[in-house]
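Reading the structure
These are the residues of each chain, in order.
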Amino acid sequence: MTKPAARAPAPPAVAERDIRASDADRDRIAEILREALAEGRLDPEEHAERIDAVYRAKTMGELEPVVRDLPAAGGSRPQPDRGGYAHGPAAPAPDQNLVAIFSAAVRKGRWQAPARINALAFFGSVEIDLTEAVFPQQQIQINVTAVFGSVEIRVPENITLRSSGSGILGSFEVETHEAGDADAPQVHVNGYAVLGSVEAKPKRGAWIRDLRDRLREGHRELRRQVWEDHQQLRQEQRDRHERHRAGRRERRDRFRKDFDG
């Protein structure tokens, strides 16, 4: 009888503090520091020192001490960036209400989609286009009421689209779809159409590219802004020191003049 081969031991789990920090992690900590500076919790010199430490940090453990004494940090360790989608710890957007009574209401372009959207079309039309939207949270609920009116909803192809609505002498058509990625945003359309129409479906060719491109662009812009703020603070410090030195020289020259006179 042969002995079963010994199973190779599992590699030890990496401690959270040893996880490599991402650009998103550094930018999140930099934003906390900027708020602390604006609130007067840090003076410009402390802010400059901590910003330097943030962008030198390689791991989550190196980021933790930078905001440990700030209330914005919530008394907990900074959490690593877990996924590529935009939904995350950002503050949720307020509910969006779109009302079209004998008129039209349109929401499209680049916008921050809230967790709940309420649409009413009464002898009017509502258009909701989420193909360029940013999703601060994964779940989006759209409540629609179409009475002698129409509601049209467009979403990216690679998100989950679900429905629980109905038509009463009207049309309620939602092209349901399950995204292959469990972390993809989920849009749920609920409501009814009375002698009206509701249509929701993916827009062909419109994809959320797991949002990393958009996030990277936003992170670059934030880093640029933080760097410019940092440079401005350093310049203000240099200007203050120069004014201080100039004042000292002026007082010294005045003293010598009085002494010599």
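Note: the structure precedes this text.
So, here is what we can say about the structure in this document.

Cut-offs and rules
Residues numbered from 1 in each chain as written. Predicted model: local features only at pLDDT ≥ 70, side-chain atom pairs only at ≥ 80, totals over all residues. Heavy atoms only, no water. Patch = residues over 30% accessible without salt bridge, like charges linked within 9 Å, V, L, I, M, F, W, Y side chains within 5 Å. Areas by Shrake-Rupley, 256 points an atom, 1.4 Å probe, with all protein chains shown as cover. Salt bridge = Lys/Arg side-chain N within 4 Å of Asp/Glu carboxyl O. Lys, Arg positive; Asp, Glu negative; His and termini not counted. Charge placed at Lys NZ, Arg CZ, Asp CG, Glu CD. Helix = DSSP H or I, 4+ residues; strand = E, 2+ residues; numbered from the N terminus. Pairing = 2+ DSSP bridges. Axes fitted to C-alpha atoms, helices over the stretch in contact; angles between N-to-C directions. Phe/Tyr/Trp six-rings, centres within 6.5 Å; stacked < 30°, edge-to-face > 60°. Buried < 20%, exposed > 50% of the residue type's maximum accessible area, 1.4 Å probe, protein only. Polar contact = N/O pair within 3.5 Å; in protein donor to acceptor, adjacent residues only side chain to side chain.

With that settled, the discussion passes to a negative patch on the surface. On the surface, a cluster of negative charge is contributed by D43, E45, E46 and E49. Following the sequence through the fold, E49 ends up in helix α2 (residues 44-56).

Now for the sheet that holds strand β4 (residues 125-129). Read across the sheet, 5 strands follow the order β2-β4-β6-β11-β9 without closing on themselves; strand pairing throughout is parallel. Two strands lie at the open edges of the sheet, namely β2 (104-107) and β9 (171-174), each paired on one side alone. Strand-to-strand, the axes of this sheet are offset by a mean angle of 5°, without reference to chain direction.

For a regular strand, the rule is simple: side chains alternate between the two faces of the sheet. One ladder, built from 9 bridges, connects strand β5 (residues 139-147) with strand β10 (residues 186-194); its direction is parallel. Bridging from a neighbouring strand, T145 pairs with Y192 of β10. The pairing of strand β7 (residues 160-163) with β10 spans 4 bridges and is parallel. The partner of R162 across the bridge, within β10, is H188. The pairing of strand β8 (residues 166-168) with β10 spans 3 bridges and is classified as parallel. Residue G167 lies in a different strand from β10, and its bridge partner there is A193.

Okay, the packing of aromatic side chains next. Inspection of every chain in the model, using the stated rule, returns 4 aromatic pairs. Ring geometry for F102 versus F122: centroids 6.1 Å apart, planes at 85°, classification edge-to-face. Here F102, found in the loop between β1 (96-101) and β2, pairs with F122, found in strand β3 (residues 116-122); they are 20 residues apart in sequence, far enough to count as distant. Consider the rings of F122 and F123, whose centres lie 5.0 Å apart with planes at 80°: the pair is edge-to-face. What links up through ring pairs into an aromatic cluster is the set F102, F122, F123 and F148.

Glancing now at the environment of N190. By secondary structure assignment, the location of N190 is in strand β10. For N190, a relative accessible area of 27% translates into the label partly exposed. C-alpha separation for the pair N190 and G165, spaced 25 residues apart in sequence, amounts to 4.7 Å. Polar contacts involving the side chain of N190 include one to the side chain of S164, which spans 3.0 Å.

Another point: a nonpolar patch on the surface. Side chains of V99, I101, F102, L120, F122, F123, F148, I168, L169, Y192 and L195 sit close together on the surface and give an oily, nonpolar patch of about 1100 Å² of accessible area. Secondary-structure elements contributing two or more residues to the nonpolar patch are β1 and β3. Structurally, the position occupied by I101 is in strand β1. Look at I101 and you get partly exposed, because its relative accessible area is 45%.

Remember that the coordinates give geometry; whether it matters functionally is a separate question.
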